[in-house]
Amino acid sequence: MKLTPKQAADKVGVSQNLIYLLCREGRLPHYRIGADGRRGRILIDPADLDAFQAACKQDGGPAAAAAPALK
């Protein structure tokens, strides 16, 4: 089942506007369903959302490795 932008935003904890922006910029794969000349409906495959989220993961870099552990 495909996700709406609202469902995708809720799933990853970001705003719906950010999801629309990522789709518009072509950074988040999505489907646009609707007639020519109309905005249509955006649907996002959960696997594409998971892959995008994984690609955004940061490792912390060298500064994180040198920092003392938090308790």
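The rules behind the values
Residues numbered from 1 in each chain as written. Predicted model: local features only at pLDDT ≥ 70, side-chain atom pairs only at ≥ 80, totals over all residues. Heavy atoms only, no water. Axes fitted to C-alpha atoms, helices over the stretch in contact; angles between N-to-C directions. Helix = DSSP H or I, 4+ residues; strand = E, 2+ residues; numbered from the N terminus. Parallel < 35°, antiparallel > 145°, perpendicular 65-115°, else oblique. Left-handed = near helix turned anticlockwise from the far one by under 90°. Contact = heavy atoms within 4.5 Å. Nonpolar A, V, L, I, M, F, W, Y, C, P; charged D, E, K, R; others polar. Core = buried A, V, L, I, M, F, W, Y, C linked by side-chain atoms within 4.5 Å. Buried < 20%, exposed > 50% of the residue type's maximum accessible area, 1.4 Å probe, protein only. Arc of directions from axis to C-beta.

## Considerations on the packing of helix α1 (residues 5-12) against helix α2 (residues 16-24)
Point 1. Between α1 and α2, the shortest axis-to-axis distance is 8 Å and the interhelical angle comes to 110°. Taken together, the axes of α1 and α2 are roughly perpendicular relative to one another. Remark: the crossing between α1 and α2 carries right-handed chirality. Residues Pro5, Lys6, Ala8 and Ala9 of α1 pack against Gln16, Ile19 and Tyr20 of α2.
Point 2. Grouping the constituent residues of the contact of α1 with α2 by class yields five nonpolar, one polar and one charged.

## Regarding the nonpolar core
Point 1. Listed in full, the eleven residues of the largest apolar core are Leu3, Ala8, Ala9, Ile19, Leu22, Cys23, Leu28, Ile42, Ile44, Leu49 and Phe52.
Point 2. Elements supplying a minimum of two residues to this core: α1, α2 and α3 (46-55).
Point 3. For this core, the element with the most residues is α2, which contributes three residues.

## Things to note about α2
Because the α-helix completes a turn every 3.6 residues, residues three or four places apart line up on one side.
Point 1. Within α2 the residues assigned to the buried category are Ile19, Leu22 and Cys23. The arc that holds the buried residues of α2, viewed along the axis, is 100°, so those residues lie on one side. Facing away from the buried side of α2 by over 90 degrees, the exposed positions are Asn17 and Arg24.
Point 2. Looking at the buried side of α2, the elements it contacts are α1, β2 (41-43) and α3.

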